[in-house]
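# A look at the structure
This is what each chain is made of:
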Amino acid sequence: MQISVVRPSELGAAEVAEWRQMQESQPRLQNPFLAPEFTLAVGRSRPTARVAVLQDGPEIVGFFPHEVRHRVIGVPIGAGISDCQGLVHRPGLDWDPIRLLKACGLAVWEFDHLLAEQAPFAPYQARVAGSPIIDLSKGYQSYVDDRMTDGNLIRQALRKQRRMVRELGEERFEWADRSEDALLALRRWKSAQYRRTQQYDRFRTPWIQAVLEELSQSSADCRAVVSTLYAGDQPVAAHLGLRSRSVLAYWFPAYDVDLARHSAGILLCLRMAEAGAADGIEQIDLGKSEALYKNRLTNDEVPVAEGRVGRSWAVAGARRAQSALAHSVRTGAVGARLRSGGTGRLLRGLRARLHER
């Protein structure tokens, strides 16, 4: 096997077509974050984006998109906004992760949403968790019938929808909303959420802004789509998602917190599932988290892994220590003291720096 490394912009039309064919032939690879369009969009905004092209003789057998930081540290392409990571390959391909890293000039490759079923990476997985999905392969009505027998979340959402209509006006849903007002509302709500939860604002990060804008203007199967729920003329919830032909990634959801009593976010998920199923979406990937509403909406899951592949024990050890520090800042006593001491801005800045690295 030969491995060459190129910038995303150096991929030719035939290589991009081969990449798409590999995706289409394997359901687990159809997530939009694994699409060439996502890598190409990130590559135009991230100068250190690379793609390793794997060949068996004259035939291309795989693509490994990644980014390089500090010259020898590898992370997934679009790290920080990518909820599905891995190597796109022909069915049945086996590869050596250490040899792959050597060809890429990397000492370490870190991942946090790796497809856990990619067996060559299995020895390097530190944690595996289920990423909840809404399986729509049998249609929307089948999904609703299944969830109606397991808890009352859908019944509650529909009851609150009727109250919302009485108080605010008729419900209207836009599956692919091109309205500037809808996007502005989503950005405003999401930025406010980031401030409340002391996270860095993705919508104020230049490279993320550029990627979102390019994918929103795309007409390819992989593109960003805004879906909006209105009550009367007022937007009450919106979602900016990334879709492929058959998978919608639940990416940037937001809602008007002043109207939280109407559970518009849950209702928006249901409307997206209904419209998506009619538009060829067979799966909505809700993303790895412990949010209660995701656990109640999901009817299946995809295992994803965190970990790192390392050729250098020294570099891998240093990165492991840095990750442990970052985790303690996010969740432990260190973070709690920083927040209670009124230094939330410092904490957010540290998180942003850790993300960039």
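Given the structure is predicted, the values throughout are model-derived calculations rather than measurements.

A separate point is the overall build of the protein chain. When helices and strands are counted, the protein chain shows twelve helices and 13 strands. Scored against the burial criterion, the 357 residues of the protein chain give a buried share of 50%. Summed over its atoms, the accessible surface of the protein chain is roughly 16600 Å², and 49% of this surface lies on carbon and sulfur atoms.

Take Gly-62: it is sitting in strand S3 (residues 59–69). Separated by eleven residues in the primary sequence, Gly-62 and Val-51 place their C-alpha atoms 10.0 Å from one another. In contact with Gly-62, not counting residues within four places along its chain, are Met-22, Ala-52, Val-53, Leu-54, Leu-87, Val-88 and His-89.

Inspection of the entire model under this criterion finds 17 salt bridges. Asp-221 is the salt-bridge partner of Arg-245, the closest N and O atoms lying 2.8 Å from each other. Of this pair, Arg-245 sits in the loop between strand S10 (234–243) and strand S11 (247–255) while Asp-221 sits in the loop between helix H7 (206–216) and strand S9 (223–231), and the two are 24 residues apart along the sequence. By sharing partners, the salt bridges in this structure join Glu-18, Glu-59 and Arg-90 into a single network.

Note on placement: Gly-78 falls in the loop between strand S4 (73–76) and strand S5 (88–89). Its relative accessible area of 0% is what places Gly-78 among the buried residues. As a C-alpha pair, Gly-78 and Ile-208 span 130 residues in sequence and 8.5 Å in three-dimensional space. Setting aside residues no more than four positions away along its own chain, Gly-78 makes contact with Phe-38, Val-42, Glu-67 and Trp-207.

To continue, consider helix H8 (residues 264–278). With 15 residues, H8 ought to run about 21 Å at 1.5 Å a step, and its terminal C-alpha atoms sit 21 Å apart, in line with that. A large share of H8 lies buried, amounting to eleven of its 15 residues. Within H8, burial applies to Ala-264, Ile-266, Leu-267, Leu-268, Cys-269, Leu-270, Arg-271, Met-272, Ala-273, Ala-275 and Gly-276. Looking one or two residues beyond H8, the residue adopting positive phi is Gly-280, at roughly 95 degrees.

A separate point is the packing of helix H5 (residues 153–168) against H8. With their axes 9 Å apart at the nearest point, H5 and H8 run at an angle of 105 degrees to one another. If you check the angle between H5 and H8, you find them roughly perpendicular. Contacts between H5 and H8 involve Leu-153, Ile-154, Ala-157, Leu-158, Gln-161 and Met-164 from the former and Ile-266, Leu-267, Leu-270 and Arg-271 from the latter. For the contact of H5 with H8, a count of residues per class yields eight nonpolar, one polar and one charged.

Turning to the side chain of Glu-37, a few remarks are in order. In this structure, Glu-37 sits in helix H2 (residues 36–45). Sequence-distant contacts of Glu-37, that is, excluding residues within four places in its chain, are made with Arg-20, Leu-215, Ala-220 and Cys-222.

To continue, consider the packing of aromatic side chains. Within this structure, the stated rule accounts for eleven aromatic pairs. Between Tyr-140 and Tyr-143, the aromatic rings sit 6.4 Å apart at their centres with planes inclined by 40 degrees, giving tilted as the arrangement. On the criterion of helical spacing, the pair formed by Tyr-140 and Tyr-143 is a turn pair, its members being three residues apart in helix H4 (residues 140–148). We note that Tyr-140, like Tyr-143, is buried. Taken together, the aromatic side chains of Phe-33, Phe-38, Phe-203, Trp-251 and Phe-252 make up a single cluster linked through ring pairs. The side chain of Arg-172 reaches across the aromatic face of Tyr-230, ending 4.0 Å from its centre. Between Arg-202 and the ring centre of Tyr-200, over which it is positioned, the NZ or CZ distance is 4.3 Å.

This part covers the nonpolar core. Counting 46 residues, the largest nonpolar core has Phe-38 and Trp-251 as the members making the most contacts within it. Ranked by residue count, the leading element in this core is H7, at five residues. Ignoring sequence-local partners within four residues, the contact set of Trp-251 consists of Phe-33, Phe-38, Ile-81, Leu-212, Leu-215, His-239, Leu-240, Gly-241 and Leu-242. Leu-136, Tyr-143, Leu-248 and Ile-284 belong to the second largest nonpolar core, which has 30 residues in total.

What follows is about the side chain of Asn-31. Relative to the assigned elements, Asn-31 resides in the loop between helix H1 (13–24) and H2. Within the structure, the side chain of Asn-31 is placed 3.0 Å from the backbone nitrogen of Phe-33, a separation counted as a polar contact.

When S3 meets S4, the two strands line up antiparallel, connected through four bridges. Paired with Glu-67 across the two strands is Val-75, which belongs to S4. The hairpin turn running from S3 into S4, its antiparallel successor, is three residues long, and His-70 in that turn takes a positive phi close to 55 degrees. Across two bridges, the pairing between S4 and strand S6 (residues 108–115) is parallel. Pairing of Gly-74 across the sheet is with Trp-109, part of S6.

Time to look at the confidence of the model for the protein chain. Here the protein chain averages 89 in pLDDT, while 86% of its residues score no lower than 70. Under a pLDDT of 50 for its full length, residues 336–348 has, in the predicted model, 16 contacts with residues more than four places off or in other chains. Predicted confidence is poor over residues 350–357, with pLDDT under 50, and the contacts of this stretch with residues over four places away or in other chains come to 23 contacts.

Thresholds applied
- Residues numbered from 1 in each chain as written.
- Predicted model: local features only at pLDDT ≥ 70, side-chain atom pairs only at ≥ 80, totals over all residues.
- Heavy atoms only, no water.
- Helix = DSSP H or I, 4+ residues; strand = E, 2+ residues; numbered from the N terminus.
- Buried < 20%, exposed > 50% of the residue type's maximum accessible area, 1.4 Å probe, protein only.
- Areas by Shrake-Rupley, 256 points an atom, 1.4 Å probe, with all protein chains shown as cover.
- Contact = heavy atoms within 4.5 Å.
- Salt bridge = Lys/Arg side-chain N within 4 Å of Asp/Glu carboxyl O.
- Expected span 1.5 Å × (residues − 1).
- Axes fitted to C-alpha atoms, helices over the stretch in contact; angles between N-to-C directions.
- Parallel < 35°, antiparallel > 145°, perpendicular 65-115°, else oblique.
- Nonpolar A, V, L, I, M, F, W, Y, C, P; charged D, E, K, R; others polar.
- Phe/Tyr/Trp six-rings, centres within 6.5 Å; stacked < 30°, edge-to-face > 60°.
- Lys NZ or Arg CZ within 6 Å of the ring centre and 35° of its normal.
- Core = buried A, V, L, I, M, F, W, Y, C linked by side-chain atoms within 4.5 Å.
- Polar contact = N/O pair within 3.5 Å; in protein donor to acceptor, adjacent residues only side chain to side chain.
- Pairing = 2+ DSSP bridges.
- pLDDT = per-residue confidence, 0-100.

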